[in-house]
Amino acid sequence: MNNFLYDIYPILPEIFILSNVCILLVYGVLFSSSIKLGYPLLAQNLGLLSCQILGCSFIITYYQTFLNLSSWSDFFINDIFTFKTKCLIFLMCLGWILITFSYINYERINSFEYWILILLAIVAILFIIQSYDLLTMYLSIEFQSLIFYILASFKRTSEFSTEAGLKYFVLGAFSSGLLLFGSSLIYGLTGLTNFLDLAKFFTGMPMLELSSWIGLTTGFTLILVSLLFKLSAAPFHMWAPDVYEGSPTSITLFFSIMPKLAILSLLLKLLILSFHDFITFWRIIILICIIFSIMIGTLSAFSQIKWKRFIAYSSISHVGFFLLAILSGNLEGISSSIFYVIIYVITMLGIFSFILTLRFYNYSYHYQTRYLQDLISLSRFNPALAISLTLFLFSMAGIPPLGGFFAKLFVLLSVLQTKSFGISIFVVLMSCISCFYYIKLIKSMYFSSINEWKVLYPINKLNSLLLGFSLLFISFIFYDIELLSILSTLMSFSFLN
Amino acid sequence: MNIDIFLFYLFSIFALISSLMVIGLTNAVHSVLFLILVFCNVAGLLLLLGPEFFSFMLIIVYVGAIAVLFLFVVMMLNIKLKSTNISFSSLWPIGILTFVILLSQFFSSFYELDLVKFQGKELFFISWANENSNLTNIKVIGKVLYTHFNLLFLICGLILLVAMIGVIVLTMHQRVDVKKQQIALQLARTAPNVIKFIILRRKR
């Protein structure tokens, strides 16, 4: 009984969300199909309810006593990293709801299952963060990606959306197969599935036998490939631009912020904890991935004319930076990687709240911006939005007093500590190139003239709140950088074994 | 040769060959049929290893549900089959094989059974005291699945819930213009009202 309570206590927020999902499902089905009420649309109502549920579960998580234990017969880990990450995930999701709430109304995404799927996706992400075993890793990744396939093809009347869903499904199923094959190879050769058991088993092992070495590295590579696929790192990034473009914009934002931290935590666990003794082996794979993702992410963004594809490619190059921080394999690297992810998420929230607010009014209807050329001379007809986008782009380019600069700086410092000069010079050159096209956008906003004036739809309050918050955060983080650096260092301690 | 090893090689060779056929064949229906053969062979391999419950589950789930689903999909794709004339001589080997198998079955039954007294020639003794304490396969799985691996069981349940919601969300059309059967209208129909006479050209 005591054990059972220890199992229950760490996943209390998840249990709370899941029981609420059940209630909301019954509520939605009963009310949306009742003749007496005239088939009401429940999307807005359920959106507010799920906002409340996420807020409550954030409070539950925040006020939980921190316990350092592995629960559910070692399938879940509960340490300082998962504890803090859960809080972050809830905050991120609350921010996401604030931004996209109006979008749901404008685009008439009326089915109430949308919010239920979002809540389930949050549970899946929390499961991924806590998973400490190959079995739970596979099952929770599958849980998450199944929800993502549905969300990607949610606007089923649009051709783009169904294409995105199908593409994501086929490629994602392939990568899940690779993950399963890799884990079965590792289980077959060692008989272990727990991450910590694997770490103990591999200490001092690598040069033991050639046959098991080949099998283990093959299995490990397959797992790594499928995780890098889910993270959309470069040689495995093919799905990302199409899926980002096709799915509804709110879902694009969800894809670009939510799973990154979860998958990254799995990568950290596998690379730093379980397979740390294979460091000479995995460094090569990660290095190749970094070079490809930064190069492809930077150079392909040039030729894009649509917002979402542009953001997809820039997120690929950001993934390169996450991986670059892991490359050193030490504590500094992990903490700078977590720091980078947090800054990246906040920047993404800001940029997407900009994109979602930039709606052009064309009498009797208004539509959302889709092309980058909509920016031309934005500074004339809305200077506030123009300056906010300028700051976000400067932050992404890494101009000194803004948040993005510090994120890149910490990553590069941690890499330089291990004396990897070549890759750091390459990265600096590439980020110079990316600076060029960020500044090109700013130039088109401020210095190009337009013949016809466009009318913008007024910004709604929630979006502007979050836009302002992320703008202030990005621009004044230099004032007290320890706000985040202490947090990320604390979170990285749990990988110290 | 030990019968286990013989069967192992048999099943694995058949599984390999038929999985190669799945990839290699141009006809989609045939490759699905070979896929079913792969599943059956793998189920046989599992049966040799011991977990008989899993092997039958494999047949029920993969052959019974998924492969049949594949077959339906393939048939809906409307792929034209090239009909090949089966010559009588190509049927000979199969016929001989079936004949030999049936004949060997017949003789082996003679060998084991005393047809006059209608009973087995040799008696097998089973120690029921030992067998009583044996756990069956399903019991073992249940004991582990609901205790040590209960978390995985719960997550699987959640995945199935998501699958159900997803299918409903993506396929349910709530349209107004669907033609449905309206029973009230049908019942109100009477013989005089059914036939209408429309005069197309009015004579003046």
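Analysis parameters
Throughout, residues of each chain are indexed from 1 in the direction in which the sequence is written. Starting at A for chains and at 1 for ligands, labels are handed out in the order in which the entities are written. It should be noted that, the model being predicted, local features are given only for residues of pLDDT at least 70 and side-chain atom pairs only at 80 or more, the latter also being counted only at that level, while totals for whole chains, interfaces and linings use all residues. Hydrogens are left out, water is left out, and the side-chain values use all remaining heavy atoms of the structure. Whether two residues are in contact is decided by their heavy atoms: any pair within 4.5 Å suffices. When two parts are put together, the accessible area they lose, computed with a 1.4 Å probe and summed over both, is reported as buried area. Each reported salt bridge corresponds to a side-chain nitrogen of Lys or Arg within 4 Å of a carboxyl oxygen of Asp or Glu. Pairing of N or O atoms within 3.5 Å defines a polar contact, subject to two protein rules: one partner must be a possible hydrogen donor and the other a possible acceptor, and residues neighboring in sequence count only if both atoms are side-chain atoms. Helix and strand assignments come from DSSP, with helices taken as H or I runs of at least 4 residues and strands as E runs of at least 2, each series counted from the N terminus. Here the term charged refers only to Asp, Glu, Lys and Arg, the term nonpolar to Ala, Val, Leu, Ile, Met, Phe, Trp, Tyr, Cys and Pro, and the term polar to all other amino acids, Gly among them. Orientation is described by axes fitted as lines to C-alpha atoms, over the contacting stretch for helices, and by angles from 0 to 180 degrees between their N-to-C directions. Relative orientations are named as follows: roughly parallel for angles under 35 degrees, roughly antiparallel for angles over 145 degrees, roughly perpendicular for angles from 65 to 115 degrees, and oblique for any other angle. Crossings are sorted by hand: turned counterclockwise from the far helix by less than a right angle, the near helix makes the crossing left-handed, and turned clockwise it makes it right-handed. DSSP-based pairing: two strands are paired if at least 2 bridges between them are found.

Engineer: Looking at this model, I keep getting lost on the interface of chain A and chain B. Mind explaining?
Structural biologist: Interfaces are often described in size by the accessible area the parts lose on coming together. The interface is formed by 22 residues belonging to chain A together with 21 residues belonging to chain B. Carbon and sulfur atoms supply 85% of the area buried between chain A and chain B, which totals about 2000 Å² over both sides. Among the residues chain A hides against chain B, the three largest losses belong to W72, L139 and R156 of chain A. Together they make up 28% of the total. In this structure, the connection of chain A to chain B is made through zero salt bridges. The interface formed by chain A and chain B holds three residue pairs in polar contact (both at pLDDT 80 or more) in total. Of all the secondary-structure elements, those providing two or more residues to the side of chain A that touches chain B are helix 2 (12-32), helix 5 (113-130) and helix 6 (134-152) of chain A. Looking at which element gives the most residues to the side of chain A that touches chain B, the answer is helix 6 of chain A, with eight residues. Taken together, the residues of the side of chain A that touches chain B sort by class into 16 nonpolar, three polar and three charged.

Engineer: Help me understand the packing of helix 5 of chain A against helix 7 (residues 150-171) of chain B, please; the structure alone is not making it clear to me.
Structural biologist: Between two packed helices, both the angle of their axes relative to each other and the distance between the axes serve to describe the pair. Contact pair helix 5 of chain A / helix 7 of chain B: the axes reach a minimum separation of 11 Å and the direction vectors enclose 155°. The angle between helix 5 of chain A and helix 7 of chain B falls in the class roughly antiparallel. At the point where helix 5 of chain A passes helix 7 of chain B, the crossing takes the left-handed sense. Of helix 7 of chain B, the residues touching helix 5 of chain A (which contributes E113, I116, L117, L120 and F127 of chain A) are I155, L158, L161, V162, I165, I168 and V169 of chain B. Class assignment for the residues of the contact of helix 5 of chain A with helix 7 of chain B results in eleven nonpolar, no polar and one charged.

Engineer: Any chance you could explain the sheet that holds strand 3 (residues 359-362) of chain A here in plain terms?
Structural biologist: Consider a sheet: its strands pair through backbone hydrogen bonds, and that pairing is either parallel or antiparallel. All names here are of chain A. Taken in spatial order, the three strands make up an open sheet running 4-3-5, and their pairing is antiparallel. In the strand order of this sheet, the two ends are held by strand 4 (365-368) and strand 5 (455-456), each with one partner. Direction of pairing for strand 3 relative to strand 5: antiparallel, over a ladder of two bridges. Paired with Y361 across the strands is V455, a residue of strand 5.

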